[in-house]
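Observations on chain architecture
Here are the chains, one letter per residue:
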Amino acid sequence: MDVSQYLEIFLDETNEHLQNLNTQILSLEQEPGNMDTINEIFRAAHSLKGMAGTMGYKRMQNLTHDMENVFSEVRNGNITVKANMIDVLFQCLDALEEYTTNIRENADEGTNDNEPLIKQLNDILNGGSSDEAGESPAQQEEAPAEAKAPAGNGSKKWLDIKLGDSEKSVFKEAVSQGKKVYGMTVKVQESCILKAARAFLVFKAIEETSEILVSSPSAQDIEDEKFDLDFSLIVISEAPLEQVIAAAKNVSEIEDVTGDVLDPDHIPSADDSDAEGAQEDEPVKEKPGKAPAVQAAPAASAAPAKSGKTKADEKKPAAGKPVVNRTVRVDIEKLDTLMNLVSELIIAKNSLVSASAASGNSSTAVNEQIEYLESVTTSLHESVMKVRMVPIESTVSKFPRMVRDLQKTLGKKMELHMSGEETELDRTVVDEIGDPLMHLLRNSADHGLESAEVRKERGKPEVGSIFLDAYQDGNNVVIEVRDDGNGIDTQAVREKAIEKGIVTPEQAENMSEKDSIDLLFHAGFSTAKTVSDVSGRGVGLDVVKSKIEALSGEVEVKSKLGEGSAWIIRLPLTLAIIQALMVDIGNEKYAISLGSIQTIEDISPADVKLVQAKEVIQLRDIVIPLIRLNEILDVESKKDPHENLVVVVVKKGDKQAGLVVDELIGQQEIVIKSLGKYISKCKIISGATVLGDGEVALILDANTLI
Amino acid sequence: MMDEELKVVGETTQFIVIKLGDEQYGIDIKYIDNIVRMQHITRVPKVDAYLKGVINLRGEVIPVMSIRIKMGLEPDVETKSSRIIILKLEQQGTIGVIVDEVKEVVTLENDQIEKIAYDSKEDKNSFLCGIGKCDGGLISLLDLNSVVLESV
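Since the model is a prediction, treat every value here as computed from it, not as a measurement. Numbering of residues starts from 1 in each chain and follows the order in which that chain's sequence is written. As they are written, the chains are lettered A onward and the ligands numbered 1 onward, keeping that order. For a predicted model such as this one, the threshold for reporting local features is a pLDDT of at least 70, and the threshold for listing and counting side-chain atom pairs is 80 or more; totals across whole chains, interfaces and linings nevertheless cover every residue.

The next thing to look at is the overall build of chain A. Helix numbers and strand numbers start at the N terminus; a helix is a DSSP run of H or I with at least 4 residues, a strand a run of E with at least 2. Assigned secondary structure in chain A consists of 26 helices and 22 strands. Every C-beta atom is placed from the backbone, and the number of other C-beta atoms within 10 Å of a residue's own sets its class: buried at 20 or more, exposed at 12 or fewer, partly exposed in between. Put simply, chain A has 706 residues, and 38% of those count as buried. A separation threshold of at least 6 residues defines the contact pool for chain A, and within that pool the share at least 24 residues apart is 71%. With C-beta atoms placed from the backbone, a contact is any residue pair whose C-beta atoms sit within 7 Å.

Written out as structure tokens, the structure reads:
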């Protein structure tokens, strides 16, 4: 079976489900009795199983199947959640992740059967199933309800579905509540490869508006692709029939959907069905080898309304169902292309502006249109940017799990507190930021936090806290990793650096606190006395720094010995197009990102004071160092030194500096182009942009100037 | 075996002949992406002197270097015939080099090319990968990788 065209979708969705499972199991560990969480876990495991099954990944399917069994028992209240069970479940997730990685790399799930895990799962299952005997008949009851549809009744095959007692009561109750009950038959196209997957989608589509009471063949059989080209359903819905049918028809590769309203007085019943039907049911009920729960579980999830037991719950999901966002999955490359086109458009617009200005005799009509064009391109750019923005949640949500694992491996007690997961960043940045953050968290856990005993001695709470906060600050997004641990022992850092030969003892002598901390980012540096599994291999902080710098971001460290340290990562919101202030220095044009500009000041040369032989100005009681850009950029200023200075005040975090320029040209939307790695030596230039007249202007990185 | 040998004998390479001062140099045509007229080069501060700056080539920002400065010749004098040759190299990406003049395209058979042994004592030699003999004249064939290589 050729499933390659679905592989990408499969991998994407699998990752989502795994992520979801990780999060949910974690919260399950916190509150083992939460039914919502258990249901969510169950659903995710079930979808995973279905997807793995349709893609033909048997090992993955087996593992998820057994996991699902465990969840199903938990859901039914037969097993209580225990710590060791959570551990096993996490191991299962790791195993699943391994399968996914294998599939991603070579389209094959690998040969690891993970038998020990499956055995552990079964042990959990068996441990809990002793008291399950009393309930199993009730669960079995559903099985006979699903008679195989014999031929006849033409396309109205739903008429052949026989209802059991529990279904009938649900049916009647629904009717009494004024809901409609429809019989439907869905026909799948002959050419359809993944019938089960399509059927699953139909189920999902129908469940948006309705509840599926019964299906024929059973949900389990449909899932295992044990049906021909059609299957029938009885659904309860408040929506009109047409809408339900349309929803089902919307699924691709569905040939036809027929349906009709069922008369509550003529419910096809299992009781009055003929002997033949009853006999046919028998084997289903007696199906050996499978625990009853196994059968009940998948069926129940596909058609939650079916089981009489869940009747009380069934209205809840229907009423409280969140509004499903209508989304489209788009390849990031397509977005990149779109972004490039928008960039080209903005360059073209800028050319138009300067051409119109150059011609001199531009009419108001032209100017108006250009202004309109400008506002359109700006909103277009904003929209495209927004499309590319994703919450960092997708990356940070794996960290609680990681910290939990670290706690075990390191034998320290710690808690991760996260905030601002909804902060949005460009997709490419979000993808890249995961590793650096992970390094920092591990670093905090391993080097930062003290052991419980030491913490007690120092009068700190035994459980260490690690904070991960994200928030937007102007044109930047700030991500902070903090801990209330030991902080950075700069003395130890310096000694280590001398020992490693990174600095000489004399150099170390004169080092400021900040310089010492910066040593941590030196390649090959690690202060951990022993190399542990978690950190201390000397890779890490330097990698963190270079990675963040590659994203045009920066890291700042604040630390207080004995109280903890904070690693502050600052990332630009957008990588491609920014609002910038164009300035003239000498005869050259430079752009300064508007995001870093605080104010623009007109300063008389007399107000420039000297502090430690460096020029400063005093602005609203704050002393700001002056940076003469013409000196830094090696150009001759064309301004008379007695004239007033034009000072652009820029900020970086809480630091400020005044950049002296010759003249201001104006604000402009610029497209950032890389200078390429060939000219990467120049740190103060963060890129270049093409101006309206076709000339190239360089973008000054104010951050490196401060 | 026979075929291969024949091929080696008959193989030809095309070079673009450029002038730097009075000397003729050849650049292998397979590296050349484009030849553009001299245009305004935006200076980039704090870089090596041979890096003249960047230009805008159809919306892309391309670094431009001076072969003259890199090889220790007199600095470029912009004339009407000055050109920027845009090279596409595997490692360094797209780079422009300034030349005094672009003359012609020549096709050299392999036996017209004399490999020169690398002489570590004479630095200038390392920018060349051979000498081509064509119509009585000599063309120094540039080893682009060492020309473009960042000086340490």
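It is worth spelling out the overall build of chain B at this point. A tally of regular secondary structure across chain B gives 3 helices and 11 strands. Taken from the N to the C terminus, the helices and strands of chain B come in the order α-β-β-β-β-β-α-β-β-β-β-β-β-α. In chain B, which comprises 152 residues, the proportion classed as buried is 30%. By sequence separation, contacts in chain B at least 24 residues apart represent 51% of the contacts at least 6 residues apart.

Defined on buried residues, the nonpolar core groups Ala, Val, Leu, Ile, Met, Phe, Trp, Tyr and Cys residues joined through C-beta atoms within 7 Å. Among the nonpolar cores identified, the biggest contains 78 residues, and A:Ile592, A:Val648, B:Val54 and B:Val97 are the most heavily contacted of them. By residue number, the principal contributor to this core is strand E12 (residues 577-585) of chain A, which donates 6 residues. When residues no more than four places from it in sequence are discounted, the contact partners of B:Val97 are B:Met65, B:Ile67, B:Ile84, B:Ile85 and B:Leu87.

Another point: the sheet that holds strand E13 (residues 588-593) of chain A. Residue and element names in this part refer to chain A. In short, DSSP must find at least two bridges between two strands for them to pair. The strand order E20-E12-E13-E22-E21 describes an open sheet built from 5 strands, whose pairing is mixed. Where the open sheet ends on each side, the last strands, each with one partner, are strand E20 (663-671) and strand E21 (685-690). Geometrically, the sheet is characterised by an average inter-axis angle of 35° between neighbouring strands, direction not taken into account. Sheet topology places E13 next to strand E22 (residues 696-700); 3 bridges connect them, and they run parallel. Its bridge partner being in E22, Ile592 is matched across the sheet by Leu700. Note on method: axes are straight lines fitted to C-alpha atoms, helices fitted across the in-contact stretch only, with angles between N-to-C directions ranging 0 to 180 degrees. Lying over the sheet, helix H15 (residues 332-359) contacts E12, E20 and E21, oriented at roughly 145° with respect to E20.

Before going further, it helps to examine the sheet that holds strand E4 (residues 51-57) of chain B. Residues and elements named next belong to chain B. Ordered by their spatial adjacency, 5 strands build an open sheet running E3-E6-E7-E5-E4, and the pairing between neighbours is mixed. Bordering the open sheet on either side are strand E3 (32-37) and E4, each of which pairs with just one other strand. Pairs of neighbouring strands in the sheet enclose a mean axial angle of 30°, with direction left out of account. Bridging between strand E5 (residues 60-66) and strand E7 (residues 93-99) involves 3 bridges; their strand directions are parallel. For Ser66, the partnering residue across the bridge sits in E7 and is Ile98.

A separate point is the pairing of E7(B). Residue and element names in this part refer to chain B. E7 sits mainly inside the fold: 5 of its 7 residues count as buried. Here strand E6 (residues 83-89) runs beside E7; their pairing, made up of 7 bridges, is antiparallel. Note that in E7 the partner of Ile86 across the bridge is Gly96. Connecting E6 to the antiparallel partner E7 that follows it, the hairpin turn spans 3 residues.

Residue and element names in this part refer to chain A. Located in the positive-phi region is Ala613, a residue other than glycine, with phi close to 65°. The topology assignment puts Ala613 in the loop between strand E15 (609-611) and strand E16 (614-619). The phi angle at Arg620 is positive, at roughly 45°, despite the residue not being glycine. Looking at the secondary structure, you find Arg620 in the loop between E16 and strand E17 (622-628). According to the C-beta neighbour criterion, Arg620 is exposed, with 7 such atoms within 10 Å.

Think of two packed helices as two axes; the pair is described by the angle between the axes and how far apart they sit. Residue and element names in this part refer to chain A. Interaxial distance between helix H18 (residues 399-410) and helix H19 (residues 427-448) falls to 11 Å at its minimum, and their mutual angle equals 35°. Judged by the sense of rotation from one axis to the other, the crossing of H18 with H19 is right-handed. Facing Phe399, Met402, Val403, Leu406 and Leu410 of H18, the residues of H19 in contact are Met438, Leu441, Arg442, Ala445 and Asp446. Looking at side-chain class alone, the contact of H18 with H19 contains 8 nonpolar, no polar and 2 charged residues. Handedness of each helix crossing follows the sense of rotation of the near helix against the far helix: counterclockwise by less than a right angle gives left-handed, clockwise gives right-handed. Under the scheme applied, nonpolar residues are Ala, Val, Leu, Ile, Met, Phe, Trp, Tyr, Cys and Pro; charged residues are Asp, Glu, Lys and Arg; polar residues are all the others, including Gly.

For the rest of this paragraph, the subject is the packing of H15(A) against helix H16 (residues 364-388) of chain A. Residue and element names in this part refer to chain A. Where H15 contacts H16, the two axes come as close as 10 Å, and the packing angle between them is 160°. With respect to H16, the element H15 is oriented roughly antiparallel. Seen from above, H15 lies across H16 with left-handed handedness. Counted together, Leu335, Leu338, Met339, Val342, Leu345, Ile346, Lys349, Leu352, Val353 and Ser356 of H15 and Val366, Ile370, Leu373, Glu374, Thr377, Leu380, His381, Val384, Val387 and Arg388 of H16 form the full contact between these two elements. To sort the angles, those under 35 degrees are grouped as roughly parallel, those over 145 as roughly antiparallel, those from 65 to 115 as roughly perpendicular, and the leftovers as oblique.

All right, on to the confidence of the model for chain B then. Residue and element names in this part refer to chain B. Residues of chain B with pLDDT of at least 70 account for 85%, and the chain-wide mean is 81. pLDDT gives the predictor's per-residue confidence on a scale running from 0 to 100. Of all the helices and strands in chain B, helix H1 (residues 2-10) carries the lowest mean pLDDT, 49, while E6 carries the highest, 91. Contacts for the low-pLDDT stretch residues 1-7, under 50 throughout, to residues beyond four places or in other chains number 0 contacts. Across the interfaces of the predicted complex, the ipTM metric reaches 0.81, alongside a pTM of 0.48.

Residues and elements named next belong to chain A. Tracing the sequence through the fold places Arg59 in helix H3 (residues 58-75). Along the backbone, Arg59 and Asn112 are 53 residues apart, and their C-alpha atoms lie at a distance of 7.8 Å. Not counting residues within four places of it along the chain, the set of residues in contact with Arg59 comprises Tyr99, Glu109 and Asp113.

This part is about the interface of chain B and chain A. It is common to report an interface's size as the accessible area lost on association of the parts. In this assembly, 18 residues from chain B lie in contact with 21 residues from chain A. If you list the elements that add at least two residues to the side of chain B that touches chain A, you get E4, E5 and E7 of chain B. A total of 4 residues in the side of chain B that touches chain A trace back to one element, the largest contributor, which is E4(B). For the side of chain B that touches chain A, the per-class residue count stands at 9 nonpolar, 6 polar and 3 charged.

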